[in-house]
Amino acid sequence: MKKRTLLFLSILATISFTSTAENLRESIAIVRPNFSESTQTFLTDFSKSLRKDGFYAAADILQNYGKGSFGTGFAYRDKRDGRLYIITNRHVVEQAETVDVEFSLPDNSSKTFATCPVVGVHDDFDVAFIALPEEANIPTLDITDKGITDGTPVFSAGFPALGNKPSWQLGQGIVSNASAQIKSLTNGKELPLVQHTAQVDAGSSGGPLLIRDENAAAGFAVAGINTWKASDRENTNFAIPVHAIEDFLKNYSTDPQSLLTRTEVSNRASAMLKAAQSSYQAVMPFVSYRYVSNISANTFYDLVNAASDAATDAMKSCFEQGQPLEGIRIGLSDIICRQFSGRNYTFSTMAALDSIGRTAEAIYTTGNKNISTRWIMEQGRWRLSAAENIKASRIEPNGISKSYGFGTSIYIGLVYPFNNDAFDMSYNIAFKRTILTFMTYEVTASLLKVKTEKTEWEGANEIVKPHSHNVFDLDLNIGGQLPVKCGPIYLVPYAKILGGLYFGSDLTGIDYGFGTGVEIAYKFGYQNYVFANIGYIGKRMKPFDDEEFRLKSKTLSGLAFSIGISF
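The structure contained in this document is the topic of the report that follows.

Here is what the cut-offs are and how they apply
Residues numbered from 1 in each chain as written. Predicted model: local features only at pLDDT ≥ 70, side-chain atom pairs only at ≥ 80, totals over all residues. Heavy atoms only, no water. Core = buried A, V, L, I, M, F, W, Y, C linked by side-chain atoms within 4.5 Å. Buried < 20%, exposed > 50% of the residue type's maximum accessible area, 1.4 Å probe, protein only. Helix = DSSP H or I, 4+ residues; strand = E, 2+ residues; numbered from the N terminus. Pairing = 2+ DSSP bridges. Axes fitted to C-alpha atoms, helices over the stretch in contact; angles between N-to-C directions. Salt bridge = Lys/Arg side-chain N within 4 Å of Asp/Glu carboxyl O. Phe/Tyr/Trp six-rings, centres within 6.5 Å; stacked < 30°, edge-to-face > 60°. Lys NZ or Arg CZ within 6 Å of the ring centre and 35° of its normal.

### Brief notes about the nonpolar core
If you look at the biggest cluster of nonpolar residues, it comprises 90 residues, and the most contacted ones within it are Ile 336 and Trp 375. Top element by residues in this core is helix α10 (residues 324–341). It accounts for 8 residues.

### Digging into the environment of Ala 218
Mapped onto the elements, Ala 218 comes out in the loop between β13 (208–212) and β14 (220–229). Note on Ala 218: relative accessible area 7%, which makes it buried. Taking the C-alpha atoms as reference points, Ala 218 and Asn 23, separated by 195 residues in sequence, lie 5.9 Å from one another.

### Let's talk about the sheet that holds strand β6 (residues 128–131)
With antiparallel pairing, the 6 strands of this closed barrel are ordered in space as β1-β2-β3-β6-β5-β4. Neighbouring strand axes in the sheet, compared pairwise and without regard to direction, differ in orientation by 40° on average. Here strand β5 (residues 110–121) pairs with β6 via 3 bridges, running antiparallel. The residue bridging Val 121 from the neighbouring strand is Ala 128, located in β6.

### A closer look at the pattern of salt bridges
Within this structure, the stated rule accounts for 13 salt bridges. A salt bridge links Asp 60 to Arg 51; its shortest N-O distance comes to 2.7 Å. You can call Arg 51 partly exposed: its relative accessible area is 30%. Close ionic contact of Glu 442 with Lys 496 constitutes a salt bridge, the shortest N to O distance being 3.5 Å. Of the two residues, Glu 442 sits in strand β23 (residues 439–458) while Lys 496 sits in strand β26 (residues 489–504), which places them 54 residues apart along the sequence. Across the pair, exposure class does not vary: Glu 442 and Lys 496 are buried alike. One salt-bridge network, in which partners are shared between bridges, spans Asp 473, Asp 475, Asp 511 and Lys 539.

### Here's the deal with the sheet that holds strand β17 (residues 359–366)
Sheets are built from strands paired through backbone hydrogen bonds, the pairs being either parallel or antiparallel. Taken in spatial order, the 4 strands line up as β16-β17-β18-β19 in an open sheet, and their pairing is antiparallel. Strand pairing shows two members of the sheet lacking a second neighbour, β16 (345–354) and β19 (381–387), which therefore form its edges. Here the average twist between neighbouring strands, direction ignored, is 30°. Across 8 bridges, β17 lies against strand β18 (residues 369–378) in antiparallel orientation.

### With respect to the packing of aromatic side chains
All told, the structure shown has 18 aromatic pairs when counted by the stated rule. Between the aromatic rings of Phe 129 and Phe 248, the centroid separation amounts to 5.5 Å while the plane-to-plane angle is 75°, which identifies the pairing as edge-to-face. One end of the pair, Phe 129, is in strand β6; the other, Phe 248, is in helix α4 (residues 242–250), with 119 residues separating them in the sequence. Among the aromatic residues, those joined into a ring-pair cluster are Tyr 404, Phe 406, Tyr 411, Tyr 490, Tyr 529 and Phe 531. Stacked on the ring of Phe 220, the Lys or Arg Arg 212 has its end atom at 5.1 Å from the ring centre. Sitting above the plane of the Tyr 289 ring, Arg 329 keeps its charged end 4.6 Å from the centroid.

Right, dumping it as structure tokens:
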């Protein structure tokens, strides 16, 4: 009898758990960001450019990202005004002003709310909230105020990808560290994270971390928001604790009109200047995704080269994690940080505010110079969309370039000799590579006509007769250069030394010398340039045997002209 009672209670518990688990699906949603047409174009063009330059993995990431990503979110009702929101991760909605929210229900039906606005994001933590329509009738999840400790049973709920499509998953685990201090995940802020072992996979981001609560309507209560998964450890996942979400919502204005004021823009503009004195991480919340979408493929390479080592590593990590736009945003934030921290900038004034278009212009001052910046309202925050001193189309500043360089380039050219009584015009083809921007090596093959004299005897008379020889000249050049960026053009003064061999039917020998000049280069892709070159070349021609044929001059000097392209 006792065994039957225990079995009956076990069956009841299973039925109860299954029922509450099914109820969860009515409050947990698939979140799909809607990219603007300009963002879609940006992702497509950028992906094509990366693929053309041989960066296939990065191109695939951008292409797949542009096809449509998704994450998870859960329904929450604000206690202040009764508004209904979806809570999710900020990285789920990056670059999106609106999202589609879909509830996939247990009976295989679905309920979708299209173009729901992203009304707020947390500046420091990976949290965002989305407004649902007023007519939406969605059961919400309760927030727990119970403390959790190591060993507490927890559940993860969401829609991770299965065959590139969201698929419902309810996972179970325990809290393995109730107070994990990982500042790299919290923008350097003090926020203990919840480390746990419940299943988290791609697509789970933004889903709730739950504990069982018999008093909650769904039988579960939210203890956190699942955000990260450690790739180098087993069953190591992290959630932002629920109190951080509540504190954010309590301190965030739910009235968008209250943000459309000169005071709000001025405060944000001043705060960005202060953040620039700290780090690129502090600047990131002020950088709009519209600014990011103005980065071209060519500019992206400059961005990578110009970014600090720490920012470059963070950009690489974002691409590897399938968050390319956030990676570009990191690089842009790093450039903005160093630009505004390197000079004595002060916030001057608000020049304009368009509350209908939700744009503004703010002026900074450095010395006697005013710097205009453009701001937009994006995801419930005033963010920088353009700055006069940082062009999205021209990241690397004018002056000596540290990123100039190419793999292999090919040139065709000619040398017009000053001493044309000894040499005719020569024609050449060259292959050149750069080493760490400022060094070059080059192999040059030339066809030239060399004029000689030969002494012959006619009877007792000595006669000097002129001759000419076609020779093939092969030289190795090693040199240095100093590329100077002037807008889209690079002026590259150079100097080089050379040496090699020349071969002809009647004349062979060695040559050595030097060259100097200036190259004009126009960049049109990653390490892709077209060149025009003018310079001076002088070299000594030393034949192996000059008893029969004597060179009219052993020094070839002249003007060198060439054009080329890198690939």
